[in-house]
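Structure at a glance
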Amino acid sequence: MKPWLRRAGALLLWTIVALCLTVTIVPHYLDRIYYRGPVSGHFDGQHFFNPDGEDDALTRGVRFGLLWKRIFGDPTDPPWPDHVAVTPSRPPARVEGGAMLATWVGHATLLVQADGVNILTDPVWSDSVGPFGIGPRRVAEPGIRFEDLPRIDLVLVSHNHYDHMDLATLKRIWDRDRPMIVTALGNDGVIGGVGVHAEPRDWGGVALVAHPCAHLPAVPDTKGRIPPPCLAAPIAKVHVTRSHHWDSRWFADRNRALWSSFVVQLPHGNFFFAGDTGLGDGKWPAEAAALGPIRLAAIPIGAFRFEEGQMASGSHIGPEGAIRVWSILGRPQTIPIHWGTFRLSREGYATPPRMLEGMLRCGGSDPSRFAAVRIGKPVAIAPLGAVPPPPDLAAITVCERDGRFAALR
């Protein structure tokens, strides 16, 4: 046999061996144990699961293929803009006296200011979302410059996907403000890897948010006397509530940490943050609504289409599912999130809000109660008042079957 053939054969053999070792070893290496605890109705001792059933049939290979298309593009997708103009706002330091102000920063990041507390949801200020900076890139700059953020008291982190858990941003906020960070079980292990403390809770768990005076240093007076500790009552109560989703940072560590929604109880009406979710059994919004009247909700409407014509996926509600969630919550004033910032799925840039408005009209609801807002535009949230009637979900289904929304790709 000629020498070059022997060398080529040896190279091919070792390449095959290396690939086999990679397939065998790398997934186990990338797996992580973020949480250890007792078995429960949504934890089997190793992995978390949705107690209302799993309906995401995508294999690991299919997920990788979808991720590849999102990163490198798919010529059959509807076009998206390369850049969306944003005029960032500069929020006030605090909002008091029963008023409530909400500013959509982009994707699932929302600043909510009410009753003297500043709340930030799933904060992401990075230019891309993915490991090692590889992933979907922003088409819209954050609606608030990081340096213009007021002091943050509370951060809610719904789960560990990169477009919701941005460790670089969490580190910046922690180093500057030391807020309380509330998340579901296991995610504190991921966040703690960058030196940031988070308070983990199971579904049904509660966290009390300290009054801002608790953050003030005990500075001696002119006579060297140390003032008494802050005795002010907590300014908010956070309930970690159920949602229908999944977790992973590396594919191999799937469902090692829990996902959640949140209800923040405030004196003048609660704030509900859905995080990222599919509809599942559709009962979890009622569990959140049972904690008190919701004044403001943040509900995802985008990243629902991974195949042509798809209207929802197992782990992402589309506009129709979002309307169902909104109705069960009591039809509060709602800001649609999870669209218009990072391209994560197949639908067009403006398809989610256009479909949402059309479906609300089909169902006989006032679209202003659940209307898209501009990134960076502060929205004054009305006080709690009369609850509008529920939408006609059957009429929405008829509109959908009649092809009313077929042109919205």
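Keep in mind the model is a prediction, meaning the values are calculated, not measured. (Residues numbered from 1 in each chain as written. Predicted model: local features only at pLDDT ≥ 70, side-chain atom pairs only at ≥ 80, totals over all residues. Heavy atoms only, no water.)

1. A word on the packing of helix α6 (residues 319–328) against helix α7 (residues 351–362)
At their nearest, the axes of α6 and α7 sit 9 Å apart, and the two run at 55° to each other. Here α7 runs oblique to α6, going by the angle between their axes. With respect to the hand of their crossing, α6 and α7 are arranged in right-handed fashion. Taking contact as the criterion, the partners of Pro-319, Glu-320, Ile-323 and Trp-326 in α6 are, on α7, Pro-352, Met-355, Leu-356, Met-359 and Leu-360. A class-by-class count of the residues in the contact of α6 with α7 yields eight nonpolar, no polar and one charged. (Axes fitted to C-alpha atoms, helices over the stretch in contact; angles between N-to-C directions. Helix = DSSP H or I, 4+ residues; strand = E, 2+ residues; numbered from the N terminus. Parallel < 35°, antiparallel > 145°, perpendicular 65-115°, else oblique. Left-handed = near helix turned anticlockwise from the far one by under 90°. Contact = heavy atoms within 4.5 Å. Nonpolar A, V, L, I, M, F, W, Y, C, P; charged D, E, K, R; others polar.)

2. A few points about the environment of Pro-78
Here Pro-78 lies in the loop between α2 (60–72) and β1 (100–106). Through-space distance from the C-alpha of Pro-78 to that of Leu-408 is 9.6 Å; in sequence the pair is 330 residues apart. Beyond its immediate chain neighbours, meaning those up to four positions away, Pro-78 contacts Arg-343, Arg-346, Glu-347, Gly-348 and Arg-409.

3. Quick look at the side chain of Ser-243
As for its position among the elements, Ser-243 is in the loop between β8 (236–241) and β9 (261–265). Setting aside anything within four residues of it in sequence, one finds Ser-243 in contact with Asn-50, Trp-203, Trp-259, Ser-260, Ser-261, Ala-274, Asp-276, Thr-277 and Trp-284.

4. Digging into the packing of aromatic side chains
Under the criterion given, the structure shown has eleven aromatic pairs. Between Tyr-35 and Phe-43, the aromatic rings sit 5.1 Å apart at their centres with planes inclined by 70°, giving edge-to-face as the arrangement. For Phe-43, a relative accessible area of 1% translates into the label buried. Ring centres of Phe-43 and Phe-48 lie 4.5 Å apart, and the angle between their planes is 40°; this geometry places the pair in the tilted category. By way of ring pairs, the aromatic residues Trp-80, Trp-104, Trp-339 and Tyr-349 are connected into one cluster. Sitting over the face of the ring of Phe-146, Arg-172 holds its NZ or CZ atom 3.8 Å from the ring centroid. A cation over an aromatic ring shows up here: Arg-249 above the ring of Tyr-162, its NZ or CZ 3.9 Å from the ring centre. (Phe/Tyr/Trp six-rings, centres within 6.5 Å; stacked < 30°, edge-to-face > 60°. Buried < 20%, exposed > 50% of the residue type's maximum accessible area, 1.4 Å probe, protein only. Lys NZ or Arg CZ within 6 Å of the ring centre and 35° of its normal.)

5. Section: the sheet that holds strand β6 (residues 199–201)
As summarised here, the arrangement of the seven strands in space is β6-β5-β4-β3-β2-β1-β13, forming an open sheet in which the pairing is mixed. If you trace the sheet from one side to the other, it starts and ends with β6 and β13 (378–380), each paired once. Strand-to-strand twist across the sheet, computed as the mean angle between neighbouring axes with direction ignored, equals 20°. Relative to strand β3 (residues 117–121), strand β2 (residues 109–114) runs antiparallel, the two being bridged by four bridges. Residue pairing for β3: Leu-111 is matched across the bridge by Leu-120. (Pairing = 2+ DSSP bridges.)

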